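Residues per chain, in single letters:
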Amino acid sequence: MTLVATSDLSCTNQLPSSAPCNCSSDEESESDCSGDDSMCVQQLQSDSKCNEDCLMQSLGYPNSNIFPSYGEVSIENSNDVHIGNKNFYNGPVKIKQIVYANGNPALVNSSDKAKDNLGFEMDSGHSAAEVKDCCKDPELADQAAAESPQSPIRNGFIWLQNVSKHRSVEIGIFVIVVILFFIVLMVLLVLGRSPAVVSNPSNDLTTSSQKDTNLRMVSRYEWVAQPPIKKTTTLQTPVPYVIIHHTATEFCTSQAQCVFHVRQIQTFHIESRGWFDIAYNFLVGGDGAAYEGRGWTGEGAHTLYWNKNSIGIAFVGTFLTTAPPEIQILACQKLIDLGVKLGYIQQNYTLLGARQLFATESPGLALFEIIKKWDHWHSL
């Protein structure tokens, strides 16, 4: 290790600044001591004090309020070098959290640093004196904060410093509740929209039919029907007969279930039976809705020899021993009344069960016993 220090101070040994420190060696002191022993002792003590003061001053320690100042310090080929005080703490150490003013560490305790080290300079290139002036001038303070590259706190988040942990949790819960509220609102708006009734060119199922009754009609477009293989024959209306069937499938209680079954029935009729479209003019589900099949003006394929002069209505489900629910029965009655009002069914129409016209269990014994009690049913 090579340490070169050049001092600008003069060793004075508590003498006036004009008087140099006159320090002599031990041999010279001994040669000067002669005669009185007490005088010799005082001379040795004075020389020792002079040597101590001269040594302290030459090493740069202040004497009589004189600060040390080195012109140059050069350290070469060394490691673990420490200049200045070095403190060792034995025991617990308490570390305090420091919040920087305006997010700039350069503005904290700058005056203390300037007192300890006159040559103190921040990472941003500002000296201690400049930092001190900057604290007095708000514009300079903002500039210094912007130039600090390692600011731990951004100006946009300073307001969070004054928010307690408990308040932060409350704010978070409030934000989550607001977000959930808007999500629920959007879902309700989407579900609350009434689906538009799309009329089929081959049928006269229009919005006017729903205005005449509170029956819920589900169009072919809504239950995603396949297009017919061929255009069906136009039905001559008003028809004199209404024929009731059941689909001999599972029962449905919701629109989703009923749509599933209606689509399966159409696929079965087209692909297995080889028909142009679903056989029935309408179907009624356990959800209380009427599903459009071939409609009011399309000739059905539900009852051989009777399709040209009848409207065929099928109950979704199997009703051999179990009767359909009241909501499904009421939907069928409303659908027939609607056909009469719109002029597609004669006023004095005849109501029949499919089992009266050919060998079949349809519409099921339980349902057949119910329609036999309706005003327009006739035995053959």
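That block above? That's the structure.
Residues numbered from 1 in each chain as written. Predicted model: local features only at pLDDT ≥ 70, side-chain atom pairs only at ≥ 80, totals over all residues. Heavy atoms only, no water.

(A) Representation of the layout of surface pockets in the model. Taken as a whole, the second largest pocket spans an internal volume of roughly 390 Å³. Lining the second largest pocket are 19 residues, with Arg273, Trp275, Tyr280, Ala301 and His302 positioned closest to its centre. Secondary structure elements with two or more residues in the lining of the second largest pocket: β4 (239–246) and α8 (255–272). Among the elements that line the lining of the second largest pocket, the one with the most residues is α8, at three residues. (1 Å grid on protein atoms, 1.4 Å probe; cavity = no way out; pocket = protein on both sides within 12 Å on 5 of 7 lines; lining within 4 Å. Points joined across faces, edges and corners; volume = space filled by probe spheres on them. Helix = DSSP H or I, 4+ residues; strand = E, 2+ residues; numbered from the N terminus.)

(B) Looking closely at the side chain of His269. Turning to its location among the elements, His269 is positioned in helix α8. Overall, His269 belongs to the buried group, its relative accessible area being 5%. The residues contacting His269, other than those within four sequence positions of it, are Gly274, Trp275, Asp277, Ile278, Ala279 and Tyr280. (Buried < 20%, exposed > 50% of the residue type's maximum accessible area, 1.4 Å probe, protein only. Contact = heavy atoms within 4.5 Å.)

(C) Molecular detail of a nonpolar patch on the surface. On the surface, a nonpolar cluster with roughly 970 Å² of combined accessible area is contributed by Ile171, Phe174, Val175, Ile176, Ile179, Leu180, Ile183, Val187, Val190 and Leu191. Mapped onto the fold, Val190 is located in helix α6 (residues 165–192). (Patch = residues over 30% accessible without salt bridge, like charges linked within 9 Å, V, L, I, M, F, W, Y side chains within 5 Å. Areas by Shrake-Rupley, 256 points an atom, 1.4 Å probe, with all protein chains shown as cover. Salt bridge = Lys/Arg side-chain N within 4 Å of Asp/Glu carboxyl O.)

(D) Spatial organisation of the packing of aromatic side chains. What the rule picks out here adds up to seven aromatic pairs. With a centroid separation of 6.3 Å and 85° between ring planes, the pair formed by Phe315 and Phe319 is classed as edge-to-face. Plain terms: the ring middles of Phe368 and Trp377 are 6.0 Å apart, the flat faces sit at 75° to each other, and that makes the pair edge-to-face. Exposure class is identical for Phe368 and Trp377. Each is buried. Taken together, the ring pairs connect Phe251, Phe315 and Phe319 into an aromatic cluster. Sitting over the face of the ring of Phe368, Arg355 holds its NZ or CZ atom 5.4 Å from the ring centroid. (Phe/Tyr/Trp six-rings, centres within 6.5 Å; stacked < 30°, edge-to-face > 60°. Lys NZ or Arg CZ within 6 Å of the ring centre and 35° of its normal.)

(E) Inspection of the state of the cysteines at higher detail. Overall, the coordinates contain one disulfide when judged by the stated rule. Disulfide partner of Cys252: Cys258, at an S-S distance of 2.0 Å. In this structure, the disulfide formed by Cys252 and Cys258 twists by about 90° around the S-S bond and is classed as right-handed. As far as the burial class goes, Cys252 and Cys258 line up, both buried. (Disulfide = S-S within 2.5 Å.)

(F) The arrangement of the pairing of strand β7 (residues 310–315) in detail. Counting buried positions over the six residues of β7 gives six, a clear majority of the element. The alternating pattern of β7 places Ser310, Gly312 and Ala314 on one face and Ile311, Ile313 and Phe315 on the opposite face, and all of these are buried. When strand β5 (residues 282–284) meets β7, the two strands line up parallel, connected through three bridges. Along β7, the bridge assignment pairs Val284 with Phe315. (Pairing = 2+ DSSP bridges.)

(G) How the structure looks around the environment of Gly300. Its location among the elements puts Gly300 in the loop between β6 (289–292) and β7. Judged by relative accessible area, Gly300 falls into the buried class, the value being 6%. Each C-alpha atom, one on Gly300 and one on Phe276, is 9.7 Å from the other, the two residues being 24 residues apart in sequence. Among residues more than four places away in sequence, those in contact with Gly300 are Ala279, Asn281, Arg294 and Asn307.

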